[in-house]
Amino acid sequence: MDRGAMGFDSPIFHALQQMMDIGGADDLIGDSKSMNAPSRIYVRDAKAMAATPADVKEYPSSYVFVIDMPGLKSGDIKVQVEDDNVLVISGDRKREEEKEEAKYVRMERRMGKFMRKFALPENANTDAISAVCQEGVLTVTVPKLPPPEPKKPKTIEVKIA
C-alpha cells in the first residue's frame, strides 16, 4: 500500500523512519545514511539522564534537588556547576566483584554511569551549593540570592534662575 495514500508521507514520518533504520550504536559513526543521527556520547548521556529520576523542590530561600543513590559512596558522586547556571549531578555505579561459584540468574539493578542536568534560575547562588548523601538519598541545596534592592529615586534640586 502507498504510504502517501495513508498520510505517512510527511517529513516527520520520514525522520522517524530514518531513526528506526539505524541498527545500533556502531552505525552512528561513519555511516553516510546517518549523518544527522545523534553521536554515541549523546545517546549514552540521554540514557543516563532518563534513568536518573529526581525531585526538585522550591522553598522561599532555596531550591532542593533530591535523587535516590542507593549503594553509592560520596566518591562515586559528582556535583558540578557548568556555564554558571547548569547543575550537573553525575557518577558511576559499579558492579560488585563476582565470585567464581556464583552466576547471575537475573540482573535488574542498574549499573554504569548516571547523570542529570538542571538549568538553574538567575536567582540561584551557585557559590553556596551544598550536597549531602544520607542513607542512599542525595540532597543538593542551592540557596537563592536575596532579591535586588529597589533603586531609590534620585532627587534633583531645582535651582531658580
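Check the entry above for the structure.
Residues numbered from 1 in each chain as written. Predicted model: local features only at pLDDT ≥ 70, side-chain atom pairs only at ≥ 80, totals over all residues. Heavy atoms only, no water.

It is not clear to me how the overall build of the chain should be interpreted in this structure. Could you clarify?
When its secondary structure is counted, the chain shows 2 helices and 7 strands. Along the chain, from the amino end to the carboxyl end, the secondary structure elements read α-α-β-β-β-β-β-β-β. Out of the 161 residues belonging to the chain, those deemed buried represent 20%. Looking at the chain alone, contacts between residues at least 24 apart form 49% of all its contacts between residues at least 6 apart. A total of about 13,200 Å² of accessible surface is found on the chain, and carbon and sulfur atoms cover 53% of it. (Helix = DSSP H or I, 4+ residues; strand = E, 2+ residues; numbered from the N terminus. Buried < 20%, exposed > 50% of the residue type's maximum accessible area, 1.4 Å probe, protein only. Contact = heavy atoms within 4.5 Å. Areas by Shrake-Rupley, 256 points an atom, 1.4 Å probe, with all protein chains shown as cover.)

How do you make sense of the sheet that holds strand β3 (residues 77-82) when you look at a structure like this?
By way of backbone hydrogen bonds, the strands of a sheet pair with one another, either parallel or antiparallel. With antiparallel pairing, 3 strands are arranged side by side in an open sheet as β3-β4-β5. Two strands bound the open sheet, and with one partner strand each, they are β3 and β5 (112-119). Direction aside, neighbouring strands of the sheet carry axes that sit 15° apart on average. Alignment of β3 against strand β4 (residues 86-93), held across 6 bridges, turns out to be antiparallel. Residue pairing for β4: Ile 77 is matched across the bridge by Gly 91. (Pairing = 2+ DSSP bridges. Axes fitted to C-alpha atoms, helices over the stretch in contact; angles between N-to-C directions.)

When you look at the pairing of strand β1 (residues 55-58) in this model, what are you seeing that I'm missing?
Successive side chains on a regular strand alternate, one facing one side of the sheet and the next facing the other. Summarising the sheet, β1 and strand β2 (residues 62-68) pair through 4 bridges and their orientation is antiparallel. Directly across from Glu 58, in β2, lies its bridge partner Tyr 63. Hairpin connection from β1 to β2: 3 residues lie between these consecutive antiparallel strands.

Looking at this structure, how should I read the environment of Glu 58?
If you trace the backbone, Glu 58 turns up in strand β1. Glu 58 sits 85 residues away from Pro 143 along the chain, and the two C-alpha atoms are 9.9 Å apart. Beyond its immediate stretch of four places on either side in the chain, Glu 58 contacts Tyr 63 and Lys 144. Polar side-chain contacts of Glu 58 include one of 2.6 Å to the side chain of Lys 144. (Polar contact = N/O pair within 3.5 Å; in protein donor to acceptor, adjacent residues only side chain to side chain.)

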